[in-house]
Amino acid sequence: MAWNSASRAESGVFPPGDMITAVATAWGEAAIAVVRLTGGGSVALADAFFRGARPLSLEPARRMALGYIMDGGAVVDQVLAVRFEYGASYTGEESAEIQCHGGVYAARRCLELFRSRGARLALPGEFTKRAFLSGRIDLAQAEAVLGVVRARSDAELASSGRSLQGELSSGLKGLSESLTALRAEIEARIDFPEDVGDAEYASYARVVSVISEKTASLLGRCRVGLTLANGTRVAIAGRPNVGKSSLLNAMLESDRAIVTDIPGTTRDTLDAALIHRGMSMTLVDTAGMRDVASAGAGMIESMGVERSRAAIEGADFCVLVVDASSPLEHEDFEAARAASARPTVLAMNKRDLGIALSDADAKKLGYFMAVVETSAPSGRGVNGLKDALFEAALGSASPYDGMMATERMVSALESAANCMEEAARALDEYRGADIAGSLLSEAAELIASLLGEDASEELLDAIFGTFCIGK
Ligand SMILES: Nc1nc2c(ncn2[C@@H]2O[C@H](COP(=O)(O)OP(=O)(O)O)[C@@H](O)[C@H]2O)c(=O)[nH]1
Ligand SMILES: [Mg+2]
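Owing to the predicted nature of the structure, the values given are computational and were not obtained by experimental measurement. (Residues numbered from 1 in each chain as written. Chains lettered and ligands numbered in written order. Predicted model: local features only at pLDDT ≥ 70, side-chain atom pairs only at ≥ 80, totals over all residues. Heavy atoms only, no water.)

A. Region of the structure containing the nonpolar core. In terms of nonpolar packing, the biggest core is built from 38 residues, with L168, L172, L179, M420, L440 and I447 touching the most fellow members. Elements supplying a minimum of two residues to this core: α7 (167-190), α8 (198-230), α15 (407-428) and α16 (433-451). Ranked by residue count, the leading element in this core is α15, at ten residues. For L168, the contacting residues outside a window of four places in its chain are A140, R162, S163, L218, C222, M403, M404 and M409. (Core = buried A, V, L, I, M, F, W, Y, C linked by side-chain atoms within 4.5 Å. Buried < 20%, exposed > 50% of the residue type's maximum accessible area, 1.4 Å probe, protein only. Helix = DSSP H or I, 4+ residues; strand = E, 2+ residues; numbered from the N terminus. Contact = heavy atoms within 4.5 Å.)

Spelled out as structure tokens, the structure:
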């Protein structure tokens, strides 16, 4: 079944009495726990258990009232309760929220009382889904809610905040309106092909290129938001003893990995999280590429080498570490070959011990996005290495330009951009306004889908199913 704003409004969204409830705060010991209740009849239901100076239904909306949750004659907890009116709540429905004392038990009892009188336990993301279905927020904003919940840095929070406040939505709406207007103009002329001359084609093409540019800029900002949300995975590769684990520790500013001068110390991969300039990275220390056959390595070590390869393949980027103070060895080339599976930054480590490697040597190893000189124990060059990785992931974009977006949004925007490009080509080649018109209409539909217009139940379930219960 498909939803759109018209059918939502006509159907009144939900049958009265479809009330859902959940504990909205994390389970565990805490100062307070919030129980949420939404749907027609929520306030009357809360009133069945709330005892304050007056019933909650007689309290002004959105004002906290002190009272008790009662189970028959017994006090469950002293609470603060608040009611929200239809059209002025998170979900858009009549709602109530109860703040119990923290810990799990009081909130759970309150939840059970609500369930005993007809509210059912909310599904993951169901409150936000209702906010979407009641037309309070669009799909781009709903997905941004999840971004806010999961944010790990200021930049991520800011990018989610921008999408939540509707910056992405209004960009998308603008694109969709321009596309629809242009398509209408083109289609109005299709029945009179003799009226569509060079001048018309050229003017349509100009409009398409303006819309394309706006799409590209929005897409760029969404890619930044997506990269921020996903974080980036960086494998640290190189032959044994070049200082991979030391570099990882220096980047983290903590002794996470074991460092020794015995080659082959790191035998398994190790993941560590780092946030640099608002972007979260997962650094993966690897065992080091060793020529397993000739080095007479044991079985554990050769498994480590296999895992290193897998770690590189599972990463977005690679740091190839070499010992800058000694000539390249066979195993450096081995490691460089493995690293070349991903865009790579070269770290010329042990710079403090002198420099034995030339630019020509570096070139022999392959192509690198950047070359950085480091000496891990002193931390020299380590910030430059982080910057190089940051730029590899985000290019010249500022993380503070990002707008929270999901994989689905970015790929739909990419497809829309492709449609526009093809439409522009069709117009350039005078291949017929009808082709351009239908490509533009496809682009408009893709963009509208991001706002959730005519979204299928399956898509909504897939999106909201990733939320937590109570959100
Ligand atoms: N002088 C110097 N020693 C380093 C540097 N980086 C690592 N080392 C030393 O090199 C040895 C091997 O380092 P480690 O990080 O375990 O290398 P891995 O096998 O590549 O992980 C240790 O003794 C480190 O202290 C560096 O930049 N300068
Ligand atoms: Mg190591």
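B. Highlighting the packing of helix α6 (residues 154-164) against α8. Where α6 meets α8, the axes come as close as 10 Å, and the angle between the chain directions of the two elements is 130°. It follows from the interaxial angle that α6 and α8 lie oblique. Here α6 and α8 pass one another in a crossing that is left-handed. Seen from α6, the contacting residues are A155, E156, S159 and R162; seen from α8, they are R221, G225, L228 and A229. For the contact of α6 with α8, the per-class residue count stands at three nonpolar, two polar and three charged. (Axes fitted to C-alpha atoms, helices over the stretch in contact; angles between N-to-C directions. Parallel < 35°, antiparallel > 145°, perpendicular 65-115°, else oblique. Left-handed = near helix turned anticlockwise from the far one by under 90°. Nonpolar A, V, L, I, M, F, W, Y, C, P; charged D, E, K, R; others polar.)

C. Looking closely at the side chain of T91. In this fold, T91 is placed in the loop between β6 (74-84) and β7 (95-101). The exposure class of T91 is buried, given its relative accessible area of 2%. Looking at T91, its side chain comes within polar contact range of the side chain of T38, at 2.7 Å. Reaching out from T91, the side chain makes a polar contact with the backbone nitrogen of E93 at a distance of 3.1 Å. When residues no more than four places from it in sequence are discounted, the contact partners of T91 are T38, F127, R130, A131, S134 and R136. (Polar contact = N/O pair within 3.5 Å; in protein donor to acceptor, adjacent residues only side chain to side chain.)

D. Expanded view of the sheet that holds strand β13 (residues 344-349). Across the sheet, which stays open at both edges, the six strands sit in the order β10-β11-β9-β12-β13-β14 with mixed pairing between neighbours. In this open sheet, the two strands that pair with only one neighbour each are β10 (270-276) and β14 (370-373). Ignoring strand direction, the axes of neighbouring strands in this sheet form an average angle of 25°. Across four bridges, β13 lies against β14 in parallel orientation. Its bridge partner being in β14, L346 is matched across the sheet by V371. (Pairing = 2+ DSSP bridges.)

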